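# Summary of the model geometry
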Amino acid sequence: MGEFERLLEKSLEEARDIKRGEVIRCKVIKVDDRNIYVDIGYKVEGIIPREEIPNAKEGDEIKAVVTKISRGGSPILSYRRYMEEKYVHFLRSAYERGRFLTGKVRGKTDEGYIVDINGIPAFMPFSEAGRKIREGSRVVVKVIEFQSTKEGIKLKVSQRAYLVQQEKRKKERLLGKLKVGDVVEGRVIKIDPEKGITLLIQGVLRAFLPKEELSWGRDKNPYNYAEIDEKLRVKVKRIPKDGEFIFVSLRDMKENPWEKVKEKINRGDLLSARIVEFSDRGIIVEVQEGVEGFVPKEEISYDKSPNYKKGSEVKVKVLEFEPSRKRLILSIKRALPKPWEEFFKEHPSGSKVKGKVERIEGAKALVDLGNGVKGLIHRSDLSWIKPGRVEDVLKEGEEREFAVLALEGRFIKLGLKQLTPNPWELIRQKYSVGQKVMLKVKSSHPFGVFLEFPEGADGLLPLSEIPKGVELKEGMQVEAKILEISPEEGRITLSMKEEKEERREEAITTGSESGFTLGDILKKKMKL
């Protein structure tokens, strides 16, 4: 056997020690159109198909796996298989350890996306994909299923797992910086009319805005403050330890309105207000956002029949104000013109008005003139001839015409007698002391008889001025002489005695009552 044969045999014996599947480090020593020849540390060169490493050149050091031994004794190696096995191991390790990989979206199916991970296709379902996925875009994914089969590797990946982790980290960083009192901006993602508004801050942290924290005012309807996807600036109210979400406030973005107005509102001020609620005790009004006041029932209206509705704008007068207690007592009616003053402006003294007798109280009667205005009529203004009782002229519930006399406090002073001419003025002009008149007997009394003048006034015929033996009956016509006329006092004194009889009585009286004046005698005679 020649030297060449011995060397070849020795080399083949050494080559037989090379095992299929073994990974060998090798160096490129020659490249032709079909093969790459590599030094594998043996006397026989290894061969790698050129198509597996198109850009290979002499001197490159690579690793490859032995796939078989050729008939000529040269080991056949595969760089591609080495890389696949290496990458399979890498992918398996990434799957088992939950590591993230970078891939590129190559296409889209009916159920998801095809992601290329270093030449190995992976399937990503729509449910595991994030938003704005486009073909050609790079994505970071996590292997959620790994299968190695004869046909190759089957991978299922998820971008959502990566996004969730990133959100968690971003959320942790955000929570680490936040503190109570900070102002943050969030996007509205949910509105619950019974509870409040849910916000998403920086896309990762949920914040809850309770309806009680919407406003200092009464309006707690979340739909009046935001819409879905709208951005709101809020103040951090509370940060729970679990960090799942935080509590925020919209009303704390504004100053406490009670602090703001405590130097601006004073007792007696007139304010504009809006009615927000009715109750059996009165009305609740809002003078500005977050500042509400109470109008007691008796302070709503003068006529007890207000025509107000929820949302109505009204003027109010401040009766009491205690900002420390959030107490504001108001009056609507005191902010209005006084109805009796307005009535008197429209119906001055001398006017005629109609009213309904509401009730009689002793020597006066209360009259309802409408719209909360009350009239008052005294007995002295019922008739030119003073009646004995108010009930003799007026009845409760009846409607009458009255004359307006004056303004008496909160009442319109009324009169009835002023609707007719004053009979005393006519009597003053028509009659004089000593004049004889024919009059009708109106009524009899223990002290004398009243005779009726045609003008409507009554004259008194004292018992002492009726001749002895004369009996007067109601309705009789008698002749009498006027002794006294006093319009100021509403009095006329009459006599039926003849002059002779008067002189005789005067003489008797003078003789027995010397020293008295004529006036004293007349007073005694008339027994007045």
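Residues numbered from 1 in each chain as written. Predicted model: local features only at pLDDT ≥ 70, side-chain atom pairs only at ≥ 80, totals over all residues. Heavy atoms only, no water.

## Section: the overall build of the protein
The helix and strand tally for the protein stands at eight helices and 30 strands. Looking at the protein residue by residue over its 528 residues, the buried ones come to 39%. Taking the intrachain contacts of the protein between residues at least 6 apart in sequence as the baseline, contacts between residues at least 24 apart amount to 56%. Accessible surface computed for the protein: about 32500 Å², of which carbon and sulfur atoms make up 47%. (Helix = DSSP H or I, 4+ residues; strand = E, 2+ residues; numbered from the N terminus. Buried < 20%, exposed > 50% of the residue type's maximum accessible area, 1.4 Å probe, protein only. Contact = heavy atoms within 4.5 Å. Areas by Shrake-Rupley, 256 points an atom, 1.4 Å probe, with all protein chains shown as cover.)

## Re the confidence of the model for the protein
Looking at the protein as a whole, the pLDDT averages 86, with 90% of positions reaching at least 70. Confidence drops under a pLDDT of 50 for residues 507–528, and excluding neighbours within four residues, the segment shows 16 contacts in the predicted structure. (pLDDT = per-residue confidence, 0-100.)

## Description of the sheet that holds strand E24 (residues 399–408)
The strand order E21-E22-E23-E25-E24 describes a closed barrel built from five strands, whose pairing is mixed. Going across the sheet, the axis of each strand differs from the next one's by a mean of 50°, ignoring polarity. Pairing of strand E21 (residues 352–361) with strand E22 (residues 364–370) involves five bridges; the strand directions are antiparallel. Bridge pairing in E22 links Lys-356 to Asp-368. Seen against the sheet, helix H5 (residues 339–346) touches E21, E22, strand E23 (373–378), E24 and strand E25 (411–415) and runs at an angle of roughly 105° to E24. (Pairing = 2+ DSSP bridges. Axes fitted to C-alpha atoms, helices over the stretch in contact; angles between N-to-C directions.)

## Overview of the packing of aromatic side chains
Under the counting rule described, the total for this entry stands at eight aromatic pairs. Judged by centre distance (6.4 Å) and plane angle (20°), the rings of Trp-258 and Phe-321 are stacked. Of this pair, Trp-258 sits in helix H4 (residues 257–261) while Phe-321 is found in strand E19 (residues 313–322), placing the two residues 63 residues apart along the sequence. The residues Trp-258 and Phe-321 share a single accessibility class, namely buried. For the pair Tyr-431 and Phe-453, a centre-to-centre distance of 5.1 Å together with 75° between the ring planes defines the contact as edge-to-face. (Phe/Tyr/Trp six-rings, centres within 6.5 Å; stacked < 30°, edge-to-face > 60°.)

## Some points on the pattern of salt bridges
Summed over all chains, the structure comprises 29 salt bridges. Between Glu-358 and Lys-374 there is a salt bridge whose closest N-O contact spans 2.7 Å. Linking Glu-358 in strand E21 with Lys-374 in strand E23, this pair joins segments that are 16 residues apart in sequence. Using a relative accessible area of 31% as the deciding quantity, one classes Glu-358 as partly exposed. What makes Lys-374 partly exposed here is its relative accessible area of 24%. (Salt bridge = Lys/Arg side-chain N within 4 Å of Asp/Glu carboxyl O.)

## What about a positive patch on the surface?
A grouping of Arg-169, Lys-170, Arg-173 and Lys-177 is seen on the molecular surface, where their side chains present a positively charged patch. Locating Lys-177 in the fold gives a position in helix H3 (residues 160–177). (Patch = residues over 30% accessible without salt bridge, like charges linked within 9 Å, V, L, I, M, F, W, Y side chains within 5 Å. Lys, Arg positive; Asp, Glu negative; His and termini not counted. Charge placed at Lys NZ, Arg CZ, Asp CG, Glu CD.)

## Considerations on the sheet that holds strand E15 (residues 245–249)
The sheet built from five strands closes into a barrel, its strands ordered E11-E12-E13-E15-E14 with mixed pairing. Averaged over all neighbouring strand pairs, the angle between strand axes comes to 55°, with direction disregarded. Two strands pair when backbone bridges link them, and strand E12 (residues 196–201) and strand E13 (residues 205–210) are joined in this way by six bridges, in the antiparallel orientation. Paired with Thr-198 across the strands is Phe-208, a residue of E13.

## Focus on the nonpolar core
Ranked by size, the top nonpolar core spans 21 residues in total, and within it Leu-91, Ile-117, Met-124, Phe-146, Ile-153, Leu-155 and Val-157 carry the most contacts. Elements with a contribution of two residues or more to this core: helix H2 (79–97), strand E6 (100–108), strand E7 (112–117), strand E8 (120–125), strand E9 (138–149) and strand E10 (152–158). With residues near it in sequence (within four places) discarded, Ile-153 still touches Val-88, Leu-91, Ile-120, Phe-146, Gln-147 and Ser-148. Counting 20 residues, the second-largest nonpolar core is a separate cluster that includes Leu-214, Ala-226, Val-248 and Leu-250. (Core = buried A, V, L, I, M, F, W, Y, C linked by side-chain atoms within 4.5 Å.)

## Structural notes on H5
Taken together, the buried positions of H5 are occupied by Pro-339, Trp-340 and Phe-343. Buried positions in H5, seen along its axis, are confined to an arc of 95° and lie on one side of it. Those residues of H5 that are buried lie in contact with E21, E22, E23, E24 and E25. (Arc of directions from axis to C-beta.)

## Here's the deal with the environment of Lys-220
When you line up the elements, Lys-220 lands in the loop between E13 and strand E14 (231–238). Residues Lys-220 and Gly-196 lie 24 residues apart in sequence; the distance between their C-alpha atoms is 8.6 Å. Those residues in contact with Lys-220 that lie beyond four places of it in its chain are Lys-211, Glu-212, Leu-214 and Ser-215. Within polar-contact distance, the side chain of Lys-220 engages the backbone oxygen of Ser-215 at 2.5 Å. (Polar contact = N/O pair within 3.5 Å; in protein donor to acceptor, adjacent residues only side chain to side chain.)

## Quick word on the environment of Ala-161
Within the secondary structure, Ala-161 is located in helix H3. When the C-alpha atoms of Ala-161 and Val-143 are compared, they prove to be 9.5 Å apart, with 18 residues separating the residues in sequence. The contacts of Ala-161, once residues within four sequence positions are left out, are Phe-100 and Lys-142.

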